[in-house]
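Observations on the model geometry
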Amino acid sequence: MAENEVNLLYIADFDQRLAGLTPTEFVDQYLLKLNAQAVVAGFDYTFGRGGSHGMADLDRLSDGRFDVVTVKQLTERREKVSSTRIRHLIGHGEIKAANALLGYAYELTGQLTAAHHLLIITPDSPLQQLPAAGRYFCIVRDDHLQEPAVVTVEENQQITVMLSGIKPQDNAPISVKVTWLQQLSVDTAELVLPSRRVAEG
């Protein structure tokens, strides 16, 4: 949002009251009260009680009071590109396929700590989706270094990482970002390359 210069972002709770609005009430009591000037949604967006109305209805109900922009369906290999499909791929460890649909490499942020001779990454939010249990080739970075790493997701969703340059000091957690590149099918610890400093500027 910041990169797109969004000044103010509202996140609505999709509760029973909102879900129970009729299509007309949704427009009059929700969109217009937010002073909407333009409403942008996907081609398959539905609204109103039971999801009974779609984008063509929204354009009609707007009655010229705001612009309606419909985002066309994006497909890859004749399949709809959707957040559900991408989450499914990540959840099954198919990182390269997920990244291809995203258009960038999947990332998560977390805290790196040392415990029982292991380096463990704890995600900053429980809402961040983890790939399936397995070993992955990733890039891990903090404020000063970035280095290739083998990251292991355990069945209990614990994340361990093999690193040489980024190390917690005095048990103080380090904020890191993990960029997921591909799942590994064999023991590839030797793929971990020497760390390198992030270019400044």
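Further up the page is the structure itself.
Residues numbered from 1 in each chain as written. Predicted model: local features only at pLDDT ≥ 70, side-chain atom pairs only at ≥ 80, totals over all residues. Heavy atoms only, no water.

Next up on the list: the overall build of the protein. In terms of regular secondary structure, the protein is built from 5 helices and 11 strands. Within the protein, the proportion of its 201 residues that are buried is 33%. Relative to all contacts within the protein whose residues are 6 or more apart in sequence, the contacts with residues 24 or more apart total 61%. Just so you have it, the protein exposes about 13300 Å², and 50% of that area is on carbon and sulfur atoms. (Helix = DSSP H or I, 4+ residues; strand = E, 2+ residues; numbered from the N terminus. Buried < 20%, exposed > 50% of the residue type's maximum accessible area, 1.4 Å probe, protein only. Contact = heavy atoms within 4.5 Å. Areas by Shrake-Rupley, 256 points an atom, 1.4 Å probe, with all protein chains shown as cover.)

Looking at where Gly50 falls in the secondary structure, it is placed in the loop between strand E1 (38-42) and helix H3 (55-62). On a C-alpha basis, the gap between Gly50 and Leu21 in space is 9.2 Å, while along the polypeptide they are 29 residues apart.

This part covers the environment of Ala12. Within the element layout of this structure, Ala12 appears in the segment before helix H1 (16-19). On the basis of relative accessible area, Ala12 is assigned to the partly exposed category, the value being 42%.

Bringing the pattern of salt bridges into the picture now. The tally for this structure, following the rule as stated, stands at 3 salt bridges. Two residues, Asp28 and Arg65, come together in a salt bridge whose shortest N-O distance is 3.3 Å. Here the residue Asp28 occupies a position in helix H2 (residues 23-31), and Arg65 occupies one in the loop between H3 and strand E2 (67-71), the gap between them amounting to 37 residues. Under the relative-accessibility criterion, Asp28 is labelled partly exposed at 31%. Between Lys177 and Glu107 there is a salt bridge, and its shortest N-O distance comes to 3.9 Å. Highlighted residues: Lys177 in strand E10 (residues 174-184) and Glu107 in strand E5 (residues 107-115), separated in sequence by 70 residues. (Salt bridge = Lys/Arg side-chain N within 4 Å of Asp/Glu carboxyl O.)

On to the nonpolar core, then. Note that soluble globular proteins tend to have their nonpolar side chains buried in a common cluster. The biggest cluster of nonpolar side chains holds 27 residues, and the ones touching the most others in it are Leu112, Val140, Val161 and Trp180. Among the elements of the structure, helix H4 (83-91), helix H5 (95-102), E5, strand E6 (118-123), strand E7 (134-141), strand E8 (145-153), strand E9 (159-162) and E10 are those that each provide at least two residues to this core. Filtering out sequence-adjacent residues up to four positions away, Val140 remains in contact with Leu145, Gln146, Glu147, Ala149, Val151, Val161, Leu163, Ile166, Val176, Lys177 and Val178. The next biggest cluster of nonpolar side chains, apart from the first, holds 13 residues, and it includes Val27, Leu58, Leu61 and Phe66. (Core = buried A, V, L, I, M, F, W, Y, C linked by side-chain atoms within 4.5 Å.)

We now examine H2. Inspection of H2 places Pro23, Phe26, Val27 and Leu31 among the buried residues, and these make up the whole buried set. With its buried residues spanning 95° around the axis, H2 presents them on a single face. Tucked into the core, H2 has its buried residues touching H1, E1 and H3. (Arc of directions from axis to C-beta.)

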